[in-house]
Amino acid sequence: MDITIHASFLPHNDPDASLAFYRDTLGFEVRNDVGYEGMRWITVGPANQPDTSIVLQPPVVAACGVTDDERRTIAEMMAKGTYAGINLATADLDDTFAKLQASGAEVVQEPTEQPYGVRDCAVRDPAGNLIRIQEQRRAGGRSQS
């Protein structure tokens, strides 16, 4: 089999704030921005990975069979930052973290060497999604440049 990751989905509750975070702070390109019945889906991704995207979507769509109780639970989880997340990678974690911090992103964890062998940091996007960013490593454990 030849299977690749094409798109991952993250919820947003403010499309303009999410667009600013992913485009302006993370530097992702906007690939699609579609509105339908008062909702908005925004597809973004790194310019050097045109076949891999993140779709920022409304957290629930009326037609998808989600109950009112489930909508409340999703809203509560998004507010707490426990509903969704994604792992990204960078060659220069310190520089990336400095830019995130300067943008006003909510810092969850500063760059840290983890006991399980990665160095990473964590922030939340405007919708509360957890964004972990790992430092890319070369063989032997040193950062790539």
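Everything in this summary refers to the structure shown in the same document.

The rules we used
- Residues numbered from 1 in each chain as written.
- Predicted model: local features only at pLDDT ≥ 70, side-chain atom pairs only at ≥ 80, totals over all residues.
- Heavy atoms only, no water.
- Helix = DSSP H or I, 4+ residues; strand = E, 2+ residues; numbered from the N terminus.
- Rg over C-alpha atoms; globule rule 2.2 N^0.38 Å.
- Buried < 20%, exposed > 50% of the residue type's maximum accessible area, 1.4 Å probe, protein only.
- Contact = heavy atoms within 4.5 Å.
- Areas by Shrake-Rupley, 256 points an atom, 1.4 Å probe, with all protein chains shown as cover.
- Lys, Arg positive; Asp, Glu negative; His and termini not counted.
- Charge placed at Lys NZ, Arg CZ, Asp CG, Glu CD.
- Pairing = 2+ DSSP bridges.
- Axes fitted to C-alpha atoms, helices over the stretch in contact; angles between N-to-C directions.
- Expected span 1.5 Å × (residues − 1).
- 1 Å grid on protein atoms, 1.4 Å probe; cavity = no way out; pocket = protein on both sides within 12 Å on 5 of 7 lines; lining within 4 Å.
- Points joined across faces, edges and corners; volume = space filled by probe spheres on them.
- Nonpolar A, V, L, I, M, F, W, Y, C, P; charged D, E, K, R; others polar.
- Core = buried A, V, L, I, M, F, W, Y, C linked by side-chain atoms within 4.5 Å.
- Polar contact = N/O pair within 3.5 Å; in protein donor to acceptor, adjacent residues only side chain to side chain.

**Things to note about the overall build of the protein chain**
Each helix and strand counted, the protein chain has 3 helices and 8 strands in total. Helices (α) and strands (β) of the protein chain occur, in sequence order from the N terminus, as β-α-β-β-β-α-β-α-β-β-β. Its C-alpha radius of gyration of 16 Å places the protein chain within 12% of the 15 Å reference for a compact globule of 145 residues. Burial statistics for the protein chain: of 145 residues in total, 34% are counted as buried. Pairs at least 24 residues apart make up 43% of the contacts formed inside the protein chain by residues separated by at least 6 positions. For the protein chain, the exposed area adds up to about 8,600 Å²; of that, 50% sits on carbon and sulfur atoms. The average position of the 13 basic charges and that of the 21 acidic charges among the side chains of the protein chain differ by 5 Å.

**Describing the sheet that holds strand 4 (residues 53–57)**
Taken together, 4 strands build an open sheet; the order of strands is 1-4-3-2 and the sheet is mixed. Two strands close off the open sheet at either side, each with one partner strand: strand 1 (7–11) and strand 2 (29–36). Pairs of neighbouring strands in the sheet enclose a mean axial angle of 20°, with direction left out of account. For strand 3 (residues 39–45) and strand 4, the ladder comprises 3 bridges, and the chain directions are antiparallel. Bridge assignment links T43 to a residue of strand 4, and that residue is V55.

**Side note on helix 2 (residues 68–80)**
Along its 13 residues, helix 2 runs 19 Å from first to last C-alpha, staying within 8% of the 18 Å computed at 1.5 Å per residue. Within two residues after helix 2, G81 carries a phi angle of roughly 80°, on the positive side.

**Overview of the layout of surface pockets**
Size it by volume and the largest pocket reaches roughly 710 Å³. Listing elements by their share of the lining of the largest pocket, those giving two or more residues are strand 3, strand 4, strand 5 (85–90), helix 3 (93–103) and strand 8 (130–135). In terms of residues, the lining of the largest pocket owes the most to one element, strand 5, which gives 5 residues. Considered class by class, the residues forming the lining of the largest pocket number 13 nonpolar, 13 polar and 2 charged.

**Focus: the nonpolar core**
If you look at the biggest cluster of nonpolar residues, it comprises 21 residues, and the most contacted ones within it are L10, F21, Y22, I54 and I131. If you list the elements that add at least two residues to this core, you get helix 1 (15–25), strand 3, strand 4, strand 5, helix 3, strand 7 (119–124) and strand 8. Among residues more than four places away in sequence, those in contact with I131 are L10, F21, Y22, I86, L88, C121, A122, V123 and D125.

**Some details on the side chain of Q109**
The topology assignment puts Q109 in strand 6 (residues 106–113). A polar atom in the side chain of Q109 sits 2.9 Å from the backbone oxygen of D120. Ignoring anything within four residues of it in the chain, the contact list for Q109 reads F97, Q114, D120, C121, A122 and R132.

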